[in-house]
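# Remarks on the overall topology
The primary structure of each chain is shown beneath.
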Amino acid sequence: MSEIVLQDYSQQWALAFDELKLVYQTALGNLVADVQHVGSTSVVGLVAKPVIDIDIIIPDNACLPQVIIKLSELGYVHSCDLGRTGREAFKLVENAGRWPKHNLYVCLADSLSLRNHLVLRDFLRTNPDSVKQYSVLKKELAIKYAHNIDLYVEGKTAFITDILRRAGFSETALLDITEANKAKL
């Protein structure tokens with residue numbers, strides 16, 4: 001397993017997202033409602049693994065088959081939902097430095113996964129003290145679980161669900177998120 005490496009925030013992440021967003025908008029056209037930069041690289045000041053997280057938002061599942069075809073033409077393979085209802089994962093097969101390293105998801109507009117990503121991102125963007133706390137936590141977890149991404153993710157979950165709880169997520173939704181983030185041992 002590779003080592004978890006965190007970096008200080010870089011403006012290059014926003015520029016990389018803008019580049020990729022244009023690629024998806026051009027290729028997918030009216031199949032998508034929006035393309036959002038999510039995850040730690042989308043929050044100024046937050047340490048992150050240097051991997052851009054991107055959510056392509058579709059209005060309903062009827063669009064998904066055509067989106068899968070269009071993304072395959074760009075070099076992506078559909079990896080299914082990876083246990084997250086309403087969010088489909090895609091892996092770029094052969095990047096060879098063509099685009100910045102990224103994770104790509106296609107999310108239903110009303111999905112819990114999308115709401116989780118957007119609410120957490122938007123909260124952190126407006127709460128610099130929480131960004132500092134989250135950065136400290138992530139650094140501690142990256143040291144403690146340097147070679148175990150599953151335990152690293154699980155270790156962040158209580159911090160994330162606390163924010164989502166304050167934002168009004170139901171206990172059922174929070175339990176779903178917690179369960180999805182549990183380490184697979």
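About the thresholds
Residues numbered from 1 in each chain as written. Predicted model: local features only at pLDDT ≥ 70, side-chain atom pairs only at ≥ 80, totals over all residues. Heavy atoms only, no water. Helix = DSSP H or I, 4+ residues; strand = E, 2+ residues; numbered from the N terminus. Contact = heavy atoms within 4.5 Å. Pairing = 2+ DSSP bridges. Axes fitted to C-alpha atoms, helices over the stretch in contact; angles between N-to-C directions. Salt bridge = Lys/Arg side-chain N within 4 Å of Asp/Glu carboxyl O. Buried < 20%, exposed > 50% of the residue type's maximum accessible area, 1.4 Å probe, protein only. Parallel < 35°, antiparallel > 145°, perpendicular 65-115°, else oblique. Polar contact = N/O pair within 3.5 Å; in protein donor to acceptor, adjacent residues only side chain to side chain. Left-handed = near helix turned anticlockwise from the far one by under 90°. Nonpolar A, V, L, I, M, F, W, Y, C, P; charged D, E, K, R; others polar.

### Some points on the environment of Leu20
- Take Leu20: it is sitting in helix α1 (residues 11–28).
- Separated by 14 residues in sequence, Leu20 and Asp34 place their C-alpha atoms 13 Å apart.
- Contacts of Leu20, omitting those with residues within four sequence positions, involve Ile54, Trp99, Pro100 and His102.

### Some words on the sheet that holds strand β5 (residues 102–108)
- Taken in spatial order, the 5 strands of this open sheet run β1-β2-β5-β4-β3, and their pairing is mixed. Every other strand in the sheet has two partners, leaving β1 (34–38) and β3 (76–78) as the edge strands with one partner each. Each strand of the sheet is rotated relative to its neighbour by a mean of 30°, with strand direction disregarded.
- As paired strands, strand β4 (residues 87–92) and β5 are joined by 4 bridges and run antiparallel to one another. Paired with Arg87 across the strands is Cys107, a residue of β5.
- Packing against the sheet, α1 makes contact with β1, β2 (52–58), β3 and β5, and its axis sits at approximately 160° to β1.
- Against the sheet, helix α2 (residues 64–73) makes contact with β2, β3, β4 and β5, and its axis sits at roughly 160° relative to β5, the strand it touches most.

### Regarding the pattern of salt bridges
- Scanning the model with the defined rule gives 4 salt bridges in all.
- A salt bridge links Arg165 to Glu171, with the shortest nitrogen-to-oxygen separation between them at 3.0 Å.
- Under the relative-accessibility criterion, Glu171 is labelled partly exposed at 44%.
- As a salt-bridge pair, Glu179 and Lys182 come within 3.4 Å of each other at their nearest N and O atoms.

### Re the packing of helix α3 (residues 112–125) against helix α5 (residues 149–166)
- Direction vectors running N to C along α3 and α5 enclose 90°, while the axes themselves pass 10 Å from each other. Regarding the angle of α3 to α5, the classification is roughly perpendicular. Contact residues: α3 offers Asn116, Val119, Leu120, Phe123 and Leu124, while α5 offers Phe159, Ile160, Ile163, Leu164 and Arg166.

### Re the side chain of His117
- Of note, His117 is situated in helix α3.
- In this structure the side chain of His117 is engaged in a polar contact, spanning 2.6 Å, whose partner is the side chain of Asp55.
- Setting aside chain neighbours within four positions, we find His117 in contact with Val38, Asp55 and Arg87.

### Describing the packing of α5 against helix α6 (residues 171–180)
- For the pair α5 and α6, interaxial distance at closest approach is 10 Å and the crossing angle is 160°. Considered as vectors, α5 and α6 are oriented roughly antiparallel to each other. Handedness of the crossing formed by α5 with α6: right-handed. When α5 is examined against α6, the residues Thr157, Thr161, Leu164 and Arg165 are found in contact with a partner set consisting of Glu171, Leu174, Ile177 and Thr178.
- Among the residues making up the contact of α5 with α6, the classes are represented as 3 nonpolar, 3 polar and 2 charged.

By themselves, these figures tell us nothing about what the structure is for.
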